[in-house]
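Per-entry structural report
Next come the chains, spelled out residue by residue.
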Amino acid sequence: MNPIRLFIFLSALPFLLGIAALLHAAPEMTIGIDRIAVYEGETIHYQMMLTDADPIDPSLTPDLSAFADFDVEVLPRQTQLRGGSSHRIIVNNRLIRDESTPATHVVVFTYILTPKRTGSLALPFPKVEIGGVALLPETVKIGERSISGTQISGTIPVTVQPPDEQDTIQMEITADRDRLYPLQPLTVTLTVWIKELQGQRNRANPFFLPDGMPAQLMVPWLQADEALPKGIVPKESLNQWLNAMLVSGRSGVRGFAINHHGENRINMDFGDPFGTPLSARNMTRFIPYQFSPTPRAVKRADASGRETTYWEYRFSRVFLPESVGRYEFGPVLFKGLVADPSFPDASESFFAVAKPIQVDVRDVPKENRPDSYIGAFGVFDWSADIQPRKAKVGDPLTLTLRLLGKGSTTGVQAPDLSKNPEVDKLFRVHYPPTERVDDDVCSFSYTIRPKQSGQIAFPGIPVTFFDVDKEVFVTRQSEPIPLDVEAAAQGAAAAVYSNARTVSPGDLQRSEQGMFANRTSPAGATRPRMDFTLWSRFMLSLAVGYGV
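The structure displayed is predicted, hence computed values, not measured ones.

When its secondary structure is counted, the protein chain shows 5 helices and 35 strands. In the protein chain, which comprises 548 residues, the share counted as buried stands at 39%. Relative to all contacts within the protein chain whose residues are 6 or more apart in sequence, the contacts with residues 24 or more apart total 70%. With the model as given, the accessible surface of the protein chain reaches about 31,400 Å², and the carbon-plus-sulfur share is 51%.

Another point: the sheet that holds strand β27 (residues 373–387). A sheet is described by the order of its strands in space; here 6 strands give the open sequence β30-β31-β29-β27-β33-β34, paired in mixed fashion. The sheet is open, and its two borders are formed by β30 (427–437) and β34 (472–477), each paired with just one other strand. Each adjacent strand pair in this sheet contributes to an overall mean axis angle of 25°, direction not counted.

Here we take up a nonpolar patch on the surface. Judged by side-chain polarity, Phe538, Met539 and Leu542 come together as a nonpolar surface patch covering roughly 310 Å² of accessible area. By secondary structure assignment, the location of leucine 542 is in helix α5 (residues 533–547).

Per-chain confidence: the protein chain averages 79 in pLDDT, with 74% of residues scoring 70 or above. With pLDDT under 50 throughout, residues 13–24 is counted as low confidence; its partners more than four residues away or in other chains account for 7 contacts. Here residues 492–523 is a poorly scored stretch, pLDDT under 50, and it has 35 contacts once near neighbours within four places are set aside; other chains count.

Among the secondary structure elements, arginine 317 is positioned in strand β22 (residues 307–321). At a separation of 3.2 Å, a polar atom in the side chain of arginine 317 contacts the main-chain carbonyl oxygen of tryptophan 221. Side-chain polar atoms of arginine 317 contact the side chain of aspartate 225, separated by 2.9 Å. Dropping the residues within four chain positions of it, arginine 317 is found in contact with Leu186, Thr187, Val188, Trp221, Leu222, Asp225, Pro234, Glu236, Ser237, Leu238 and Trp241.

Right, let's get into the packing of aromatic side chains. To describe a pair of aromatic rings, you give the distance between the ring centres and the angle between the ring planes. Inspection of the entire model under this criterion finds 15 aromatic pairs. Ring plane angle 70° and centroid distance 5.0 Å describe the contact between tyrosine 181 and phenylalanine 466, whose orientation is recorded as edge-to-face. Linking tyrosine 181 in the loop between β16 (179–180) and β17 (186–195) with phenylalanine 466 in strand β33 (residues 462–467), this pair joins segments that are 285 residues apart in sequence. Neither tyrosine 181 nor phenylalanine 466 differs from the other in exposure class; each is buried.

This part covers the pairing of β27. Relative to β33, β27 runs parallel, the two sharing 2 bridges. In the sheet register, tyrosine 373 faces β33, and the bridge partner there is threonine 464. Sheet analysis places β27 next to strand β29 (residues 397–408), joined by 11 bridges and oriented antiparallel. Residue pairing across strands places tryptophan 382 opposite leucine 403, the latter belonging to β29.

Let us look at unusual backbone geometry. For the bond running from glutamine 387 to proline 388, omega is -5°, close enough to zero to count as cis. One non-glycine residue, asparagine 368, adopts positive backbone phi at about 60°. Looking at where asparagine 368 falls in the secondary structure, it is placed in the loop between β26 (357–361) and β27. Phi at glutamate 471 is positive, roughly 55°, even though this residue is not glycine. You can see glutamate 471 is positioned in the loop between β33 and β34.

Our next topic: the nonpolar core. Leu217, Trp221, Phe315, Phe329 and Phe334 are the most contacted members of the largest nonpolar core, which totals 38 residues. For this core, the elements supplying multiple residues, two or more each, are β15 (169–175), β17, α2 (238–243), β22, β23 (325–329), β24 (332–339), β25 (347–354) and β26. Looking at this core, the element that brings in the most residues is β17, giving 5 residues. Residues within four places of tryptophan 221 in sequence aside, it is in contact with Ile173, Val188, Leu190, Leu228, Arg317, Phe319, Phe329, Gly330 and Val332. Counting 31 residues, the second-largest nonpolar core is a separate cluster that includes Phe380, Trp382, Ala414 and Ile461.

As for its placement among the helices and strands, aspartate 467 is situated in strand β33. At 3.0 Å, the side chain of aspartate 467 and the backbone nitrogen of aspartate 469 are in polar contact. Those residues in contact with aspartate 467 that sit more than four places away from it in its chain are Gly378, Val379, Val472 and Val474.

Here the focus is the pattern of salt bridges. Tallied over the full model, the rule gives 13 salt bridges. One salt bridge in this structure joins glutamate 42 and arginine 35, with 3.4 Å as the shortest N-O distance. Classification of glutamate 42 as buried rests on a relative accessible area of 7%.

Once that is clear, we can look at the pairing of strand β8 (residues 104–115). Burial runs high along β8: 10 of the 12 residues are buried. Bridging between strand β3 (residues 44–52) and β8 involves 9 bridges; their strand directions are antiparallel. Residue pairing across strands places threonine 51 opposite valine 106, the latter belonging to β8. Of the pairings in the sheet, the one linking strand β4 (residues 70–74) to β8 comprises 5 bridges and is antiparallel in character. Residue pairing for β8: valine 74 is matched across the bridge by tyrosine 111. Examined bridge by bridge, strand β5 (residues 78–82) and β8 share 5 bridges and lie antiparallel to one another. In the strand pairing of β8, leucine 81 is matched with histidine 105.

A few words now on the environment of arginine 35. For arginine 35, the position within the fold is in the loop between β1 (28–33) and β2 (37–39). Engagement of the side chain of arginine 35 in a polar contact is seen with the backbone oxygen of threonine 43, the distance being 2.9 Å.

With respect to the element layout, tryptophan 193 can be found in strand β17. Taking the C-alpha atoms as reference points, tryptophan 193 and threonine 168, 25 residues apart in sequence, are found 7.9 Å from one another. Beyond its immediate chain neighbours, meaning those up to four positions away, tryptophan 193 contacts Thr168, Ile169, Gln170, Met171, Glu172, Val298, Arg300, Tyr310, Trp311 and Glu312. For tryptophan 193, the side chain forms a polar contact with the side chain of glutamate 312, separated by 2.9 Å.

Our focus in this paragraph is the sheet that holds β2. As a general point, the strands of a sheet are linked pairwise by backbone hydrogen bonds and lie either parallel or antiparallel. Reading across the sheet, the 3 strands line up as β2-β14-β9 and stay open at both edges, with mixed pairing between neighbours. In the strand order of this sheet, the two ends are held by β2 and β9 (119–124), each with one partner. Averaged over neighbouring strand pairs, the angle between their axes works out to 35° when direction is ignored.

Basis of the calculations
- Residues numbered from 1 in each chain as written.
- Predicted model: local features only at pLDDT ≥ 70, side-chain atom pairs only at ≥ 80, totals over all residues.
- Heavy atoms only, no water.
- Helix = DSSP H or I, 4+ residues; strand = E, 2+ residues; numbered from the N terminus.
- Buried < 20%, exposed > 50% of the residue type's maximum accessible area, 1.4 Å probe, protein only.
- Contact = heavy atoms within 4.5 Å.
- Areas by Shrake-Rupley, 256 points an atom, 1.4 Å probe, with all protein chains shown as cover.
- Pairing = 2+ DSSP bridges.
- Axes fitted to C-alpha atoms, helices over the stretch in contact; angles between N-to-C directions.
- Patch = residues over 30% accessible without salt bridge, like charges linked within 9 Å, V, L, I, M, F, W, Y side chains within 5 Å.
- Salt bridge = Lys/Arg side-chain N within 4 Å of Asp/Glu carboxyl O.
- pLDDT = per-residue confidence, 0-100.
- Polar contact = N/O pair within 3.5 Å; in protein donor to acceptor, adjacent residues only side chain to side chain.
- Phe/Tyr/Trp six-rings, centres within 6.5 Å; stacked < 30°, edge-to-face > 60°.
- Core = buried A, V, L, I, M, F, W, Y, C linked by side-chain atoms within 4.5 Å.

This is how it looks when you write it as structure tokens:
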């Protein structure tokens, strides 16, 4: 090797070692917060990123016990492996140095914080230890601002403001009933009233600024369906429900931004470790989807009690409670720029809150519950039909029982007719039936076979449902169905057994028990005899043909 090159290499070696030492630096913490001034009920996106040259224990869980002034929702953590390289130096075919730079391990913890009260709150740092050493943040990012962790004394001040005192925006959450039973439909409605602009009557959406960001609605029950309380099922998926009100891209039509649908505002741009779209650049440059039901003008009292024209927007969604319990809907937050009703060319930022409501889902009373109760809620008619009405003993007939009316039939169970003594005396029932259950219609199809001949009647079948309005059990009974049943024709013995020569016609007896339906003893059910003569001739002809 050239002495000059060797001298340069040896001189740079300490520098290279210093870089390697930096690459193996101690673990670091970075904190990111999207905002520190919110209204009551708004949320704060809080992230903590840990980086280390060594793998970070996947069971590591930050201590959040100091977050006493906030409700904390923990989102799934994200992990990544960054960088990593290998350095080999060979001089005169001799390996002088072989060193690999370890990759940087990254773990990001994300939390959604909801302040529990208004005023000035102290937002602390999570407590994290790696290798027995407590970590403090090197950098704190608040929105697009970066602050050294040494400039913050352990907590971040957060201001929580109460709702505005105003009457431009009014909101209310209602339900079509405050007490119901499992699987009974529940309609929850959010109504938003916005005061009409002066001189702008009969305009469809007069309140949203043409070039501004749409007003934001934060509605808990319009998050992902998976986030709904356990025991609540939407009748229509969230995507279908939202698509019906999507107005983004329609010229001249404005709407509300609902929750964060169409936004990306999770990551706080920690060097953009996870790339697009999870980055602060997308968080600050999103164009949210807009949704709006068809508005209508109504008269309402303003803050002074004077009747004023408001534009009304109603967001209604239907749910089916599956479990007994108490469910809360709300609160709902409104925040955004709205044109000033007194000065249409000016705008003002408003924040409003709709108080939550609670709904009780009760079980059907167990006291005095009839045996014929099938699990239906509402008011129904009950009918029965048999086809055909004329048959022979043992012929299959189709019995259809139908429940028709208004209510819920989701959890209905088919009546077990085999337990009905009147039915069992005259008919043999194939159970279970074929079921078809729709929203308000439920039908059961059975196969039945008459046991007796003559003019008989299929008896009326009782069924009980629960009237949710009157909160009482109601029993209905179908009308009896007359039938004309003839005696079954008796066939010859040769039609029953393959080997008719072993059966005496006088031995035939009718029985409805099992596979030996026409004999009291299986002795006559002999195996058919196989005739080998034809097979022998066929095999012989093959052999002769092969010989020829």
